[in-house]
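# Structure at a glance
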Amino acid sequence: MRVNRIALAGNPNTGKSTLFNTLTGLKQHTGNWPGKTVVHAEGSFEHKGEQYVLVDLPGTYSLFSNSADEEVARDHIVFDQPDATIVVLDATSLERNLNLALQVLEMTDNVIICINLIDEAEKKGIRIDEKRLARELGVPVVKISARNKKGINRLLDTLNQLVNGQIVTTPYRMKYSKDIEEAITKIEAKLEGYFDDKYPSRWVALRLLDGDEELILKLQNHRNNKQHEVRTNGVPVSVKS
């Protein structure tokens, strides 16, 4: 049976870990990410006959690799390429949380925006039009209260539809000035085929323009490792140069 790997991203204090615990229960374990002191939490669950492994990424405000937490979260989405990424937002502070959501939308198409703490927002008189937000962002938007288990089934049904191709997303991508957009287009043209189109070329172009040399080295190393990987009797082994 196919196992769907799902990433759980979000700012700190959005209730992301509460959602992780709600979905995985006791079927979870923790450790450290390879080569990092950052905690790695992973759990599993089943819904409508589908098996899922959920990876709780470190809570971060951005994915620009300014810290070990940001680097781990970014690298998992880019290199491990989960089947879907759920971005958890705080319903009482959408303006601040949407920054991370927009960054994730630059990196992958398979995204669900999960607006948590909706009960707290309602107490403050905050009303969120999730249908309009979904139209603006081009991906599913689901309102929940992880603590009270409100909206969880709808979230899981949406996830099921997304991983099975029943939902087609058109993620919103930031538009920049004419000069920057022209530079992005030129870089994307030069990148065509270089990474076997495995990585989002627009996002890579943006990181190049931003001078993220460390990421480019990682992309090159990842590409070289894939090129040196062979299969012997059905078992992948790495061949050293």
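Residues numbered from 1 in each chain as written. Predicted model: local features only at pLDDT ≥ 70, side-chain atom pairs only at ≥ 80, totals over all residues. Heavy atoms only, no water.

Within the protein, the regular secondary structure consists of nine helices and nine strands. Expected size for 241 residues packed as a compact globule is a radius of gyration near 18 Å; at 19 Å, the protein falls within 12% of this value. Structurally, the protein occupies a C-alpha span of about 60 × 50 × 35 Å along its principal axes. By residue count, 46% of the 241 residues in the protein fall in the buried class. Element-wise, carbon and sulfur atoms account for 48% of the exposed surface of the protein, whose accessible area totals about 12900 Å². The centroid of the 32 positive side-chain charges in the protein is displaced by 4 Å from the centroid of its 33 negative side-chain charges. (Helix = DSSP H or I, 4+ residues; strand = E, 2+ residues; numbered from the N terminus. Rg over C-alpha atoms; globule rule 2.2 N^0.38 Å. Buried < 20%, exposed > 50% of the residue type's maximum accessible area, 1.4 Å probe, protein only. Areas by Shrake-Rupley, 256 points an atom, 1.4 Å probe, with all protein chains shown as cover. Lys, Arg positive; Asp, Glu negative; His and termini not counted. Charge placed at Lys NZ, Arg CZ, Asp CG, Glu CD.)

The next point concerns the side chain of E181. When you line up the elements, E181 lands in helix α7 (residues 178–191). With a relative accessible area of 17%, E181 lands in the buried category. Within the structure, the side chain of E181 is placed 2.9 Å from the backbone nitrogen of Y176, a separation counted as a polar contact. Excluding residues that lie within four positions of it along the chain, E181 makes contacts with M174, K175, Y176 and R202. (Polar contact = N/O pair within 3.5 Å; in protein donor to acceptor, adjacent residues only side chain to side chain. Contact = heavy atoms within 4.5 Å.)

On to the sheet that holds strand β7 (residues 141–143). Ordered in space as β2-β3-β4-β1-β5-β6-β7, the seven strands form an open sheet in which the pairing is mixed. Looking along the sheet, the strands with just one partner apiece sit at the ends: β2 (28–32) and β7. Averaged over all pairs of adjacent strands, the angle between strand axes in this sheet comes to 25°, irrespective of strand direction. Sheet strands in contact with helix α5 (residues 130–137) are β6 (111–116) and β7, and its direction is about 155° off that of β7. (Pairing = 2+ DSSP bridges. Axes fitted to C-alpha atoms, helices over the stretch in contact; angles between N-to-C directions.)

Another aspect to go through is the environment of R154. Along the chain, R154 turns up in helix α6 (residues 152–163). According to the relative accessible area criterion, R154 is partly exposed, its value standing at 42%. Placed 66 residues apart in sequence, R154 and Q220 show a C-alpha to C-alpha distance of 40 Å.

The interhelical angle for the contact between α7 and helix α8 (residues 201–209), taken along N-to-C directions, is 115°, at an axis separation of 9 Å. Here α7 is positioned roughly perpendicular relative to α8, judged by the angle of their axes. In this structure, the crossing between α7 and α8 has a hand that is right-handed. Only S201, R202, V204, A205, L206, L208 and L209 of α8 make contact with α7, whose side of the interface consists of I180, E181, A183, I184, I187, E188 and L191. Taken together, the residues of the contact of α7 with α8 break down into 10 nonpolar, one polar and three charged. (Parallel < 35°, antiparallel > 145°, perpendicular 65-115°, else oblique. Left-handed = near helix turned anticlockwise from the far one by under 90°. Nonpolar A, V, L, I, M, F, W, Y, C, P; charged D, E, K, R; others polar.)

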